[in-house]
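Observations on chain architecture
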Amino acid sequence: MLVYGITKSFPEEEKFGLVSQFRRAAVSIGANIAEGYKKLGKADKLRFLNIAEGSMAECMNYILLSKDLGYIDEKTFSQLCASIDDAGKLLTAYCYGIINNKGIQSELE
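Residues numbered from 1 in each chain as written. Predicted model: local features only at pLDDT ≥ 70, side-chain atom pairs only at ≥ 80, totals over all residues. Heavy atoms only, no water.

Structural notes on the pattern of salt bridges
The following threshold applies: A pair is scored as a salt bridge if a Lys or Arg side-chain nitrogen falls within 4 Å of a carboxyl oxygen belonging to Asp or Glu. Burial classification: accessible surface area is computed with a 1.4 Å probe over protein chains only, and a residue below 20% of its type maximum counts as buried, one above 50% as exposed, and the rest as partly exposed. By the criteria applied, helices consist of DSSP H or I runs no shorter than four residues and strands consist of E runs no shorter than two, each listed in order from the N terminus.
Counted according to the given criterion, the structure contains three salt bridges. Across the pair Lys67 and Glu74 runs a salt bridge, and its minimum N-O distance is 3.5 Å. The exposure class of Lys67 is partly exposed, given its relative accessible area of 30%. Between Lys89 and Asp85 there is a salt bridge, with its nearest N and O atoms 3.2 Å apart. In this pair, Lys89 and Asp85 are both assigned in helix H4 (residues 74-99), four residues apart and thus about one turn of the helix distant. Among the residues examined, Lys89 registers a relative accessible area of 54% and is labelled exposed.

Topic: a nonpolar patch on the surface
So the rule is basically this: Like-charged residues within 9 Å of one another, or nonpolar side chains (Val, Leu, Ile, Met, Phe, Trp, Tyr) within 5 Å, are grouped into patches, provided each residue has over 30% relative accessible area and no salt bridge. Accessible areas in this description were obtained via Shrake-Rupley with a 1.4 Å probe; residue shielding takes into account the shown protein chains only.
Where nonpolar side chains cluster on the molecular surface, the patch consists of Met1, Tyr4 and Val27 and spans about 290 Å² of accessible area. By relative accessible area, which is 39% here, Val27 ends up partly exposed.

So, the nonpolar core
Just so we agree on the cut-off: Only buried residues count toward a nonpolar core. Its members are Ala, Val, Leu, Ile, Met, Phe, Trp, Tyr and Cys residues joined through side-chain atoms within 4.5 Å. Residue contacts are defined here by distance: any two heavy atoms, one from each residue, within 4.5 Å place the two residues in contact.
Ranked by internal contacts, the top residues of the largest apolar core, which has 23 residues, are Phe10, Phe22, Cys59, Ile63, Ile72 and Leu80. Counting residues per element, the ones that place at least two in this core are helix H1 (2-7), helix H2 (18-37), helix H3 (42-68) and H4. Considering every element that reaches this core, the biggest residue donor is H4, with seven residues. Apart from residues no more than four positions distant in its own chain, Phe10 is found in contact with Leu18, Val19, Phe22, Ser66, Tyr71 and Ile72.

Observations concerning the environment of Gly54
Here Gly54 lies in helix H3. Remark: the alpha-carbon pair of Gly54 and Ser28, spanning 26 residues in sequence, is separated by 9.4 Å.

Considering the packing of H3 against H4
To keep things clear, this is the line we draw: What counts as an axis is a line fitted to C-alpha atoms, over the stretch in contact for a helix, and the angles between N-to-C directions run from 0 to 180 degrees. Angle categories: roughly parallel below 35 degrees, roughly antiparallel above 145, roughly perpendicular from 65 to 115, and oblique for all the rest. Crossing handedness follows the turn of the near helix against the far one: under a right angle anticlockwise gives a left-handed crossing, and clockwise gives a right-handed one. Residue polarity is assigned by list, with Asp, Glu, Lys and Arg as charged and Ala, Val, Leu, Ile, Met, Phe, Trp, Tyr, Cys and Pro as nonpolar; anything else, Gly included, falls into the polar class.
It is the contact of H3 with H4, at a shortest axis distance of 10 Å, that shows an interaxial angle of 170°. One finds that H3 runs roughly antiparallel with respect to H4. With respect to the hand of their crossing, H3 and H4 are arranged in left-handed fashion. For the contact of H3 with H4, the per-class residue count stands at 18 nonpolar, two polar and five charged.

Below you can see the structure in the form of structure tokens.
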């Protein structure tokens with residue numbers, strides 16, 4: 001995972017601060033997508049995907065903070081922003097697919 005590799009170089013004093021929060025938010029994205037995927041109802045699916053979107057926004061905040069604190073360079077900043085942007089586009093498309101009843105299979109079928 002990109003965030004884990006990048007945060008390894010952060011200062012030791014950030015281990016239980018920014019590093020921990022950044023990693024937790026990044027892991028939360030995939031975990032909530034996975035949990036939402038297994039939900040039967042449209043509203044439940046979308047609720048978990050919305051939580052994943054919130055975790056992406058949280059990660060974007062940590063990316064900006066990391067740059068402002070000088071923990072990442074411009075290249076890493078751009079790489080992280082591009083990853084968040086790409087994931088956000090895919091997640092938005094998935095949400096619209098669910099809203100429009102595309103790609104949902106009932107576990108009962």
